[in-house]
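Residues per chain, in single letters:
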Amino acid sequence: MDIITGAIGIFALAIIIIVTHNLSNARIMLDVQATLQHNRYPLFVICEKDKAILLCNPSYLPEENAKKALRDMCDYLELTGINKASPEESWKIMGTFISSKWFDRKLFYIFALIRPSGVKTFYKLDNLLVSLTIESGYMPIPEDWDIKVALKRDQM
């Protein structure tokens, strides 16, 4: 009987260790849903400490032309070297991008996801958007959560 009790105890301890280890490595996923605004799709931009980052996953877009447009915008930003640029240079690239022909105002609006460290970045982005009269939305998000974006289903 002592052997069975000891085996059950060791088995329970192993389960606790495995579950605790998995929980400590788990990432929390935030599901962000935005709506269509004047028949335009949200273009998600994460505001972090030193830069604004365009989310380049077109899976949330239902139309092929919108998916292609997002891929083209992301390819353009990749060619500019935005991911290898310093924070100051990347901000200039993002500003130039938003005011250029590459940003399709008829198809998209900017939806900023603001991390606590990115509040100053959001203010820069917001000032730029206001000066260019570009419609936008925003939502504060936790600092280190992963993000999954989607359109609200009732708006499609």
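Computed from a prediction, not measured in an experiment: that's the story for all the values here. (Residues numbered from 1 in each chain as written. Predicted model: local features only at pLDDT ≥ 70, side-chain atom pairs only at ≥ 80, totals over all residues. Heavy atoms only, no water.)

**Q** Explain the sheet that holds strand β3 (residues 52–54) to me, and be specific about the residues and the numbers.
**A** Reading across from one edge, β3-β2-β4-β5 is the order of the 4 strands in this open sheet, with mixed pairing throughout. The two strands at the open ends of the sheet, each matched to only one other strand, are β3 and β5 (136–140). Put simply, the sheet's adjacent strands are angled 30 degrees from each other on average, direction ignored. As paired strands, strand β2 (residues 41–47) and β3 are joined by 3 bridges and run antiparallel to one another. (Pairing = 2+ DSSP bridges. Helix = DSSP H or I, 4+ residues; strand = E, 2+ residues; numbered from the N terminus. Axes fitted to C-alpha atoms, helices over the stretch in contact; angles between N-to-C directions.)

**Q** Break down the environment of V149 for me, with residues and values.
**A** With respect to the secondary-structure elements, V149 resides in strand β6 (residues 146–151). The spacing of V149 and L30 is 119 residues in sequence and 8.3 Å in space, taken between C-alpha atoms. Non-local contacts of V149, meaning those with residues more than four positions away in its chain, are made with V32, F44, L55, Y60 and L113. (Contact = heavy atoms within 4.5 Å.)

**Q** Please set out the packing of aromatic side chains residue by residue, giving values where relevant.
**A** We describe a pair of aromatic rings using the distance from one ring centre to the other and the angle between the two ring planes. One pass over the structure, following the stated rule, counts 8 aromatic pairs. On the basis of an interplanar angle of 70 degrees and a centroid distance of 5.6 Å, the ring pair of F44 and F111 is categorised as edge-to-face. With F44 in strand β2 and F111 in strand β4 (residues 108–114), the pair connects residues that are 67 residues apart, well separated along the chain. For F111, a relative accessible area of 10% corresponds to the buried category. Their ring planes at 45 degrees and their centres at 6.1 Å tell us that F122 and Y123 sit as a pair that is tilted. Judged by its relative accessible area of 11%, F122 falls in the buried class. Taking the relative accessible area as the measure of exposure, Y123 reaches 52% and is therefore exposed. Three or more aromatic residues joined by ring pairs make a cluster, and in this case those are Y76, F97, W102 and F103. (Phe/Tyr/Trp six-rings, centres within 6.5 Å; stacked < 30°, edge-to-face > 60°. Buried < 20%, exposed > 50% of the residue type's maximum accessible area, 1.4 Å probe, protein only.)

**Q** Which residues make up the confidence of the model for the protein chain, and what values do they have?
**A** Predicted confidence across the protein chain gives a mean pLDDT of 80, with 80% of residues reaching 70 or more. Element-level pLDDT for the protein chain is lowest in helix α1 (residues 2–25), with a mean of 50, against a maximum mean of 92 in β4. (pLDDT = per-residue confidence, 0-100.)

**Q** Could you give an account of the pattern of salt bridges, with specific residues and numbers?
**A** Considering all chains together, one arrives at 4 salt bridges under this definition. Two residues, K68 and D72, come together in a salt bridge whose shortest N-O distance is 2.7 Å. You can see K68 and its partner D72 sitting in helix α2 (residues 64–80), 4 residues apart, about one turn around the helix. (Salt bridge = Lys/Arg side-chain N within 4 Å of Asp/Glu carboxyl O.)

**Q** Give a description of helix α4 (residues 119–131) that names residues and reports values.
**A** For α4, spanning 13 residues, the distance from its first C-alpha to its last is 18 Å, which sits close to the expected 18 Å at 1.5 Å a residue. Among the residues of α4, T121, F122, L125, L128 and L129 are the ones counted as buried. Burial along α4 is one-sided: seen end-on, the buried residues are contained in an arc of 125 degrees. Projecting away from the buried face of α4 at angles above 90 degrees are the exposed residues K120, Y123, N127, V130 and S131. On the buried face of α4, the contacting elements are β2, β3, α3 (87–98), β4 and β5. One or two residues past the end of α4 sits T133, with phi positive at roughly 50 degrees. (Expected span 1.5 Å × (residues − 1). Arc of directions from axis to C-beta.)

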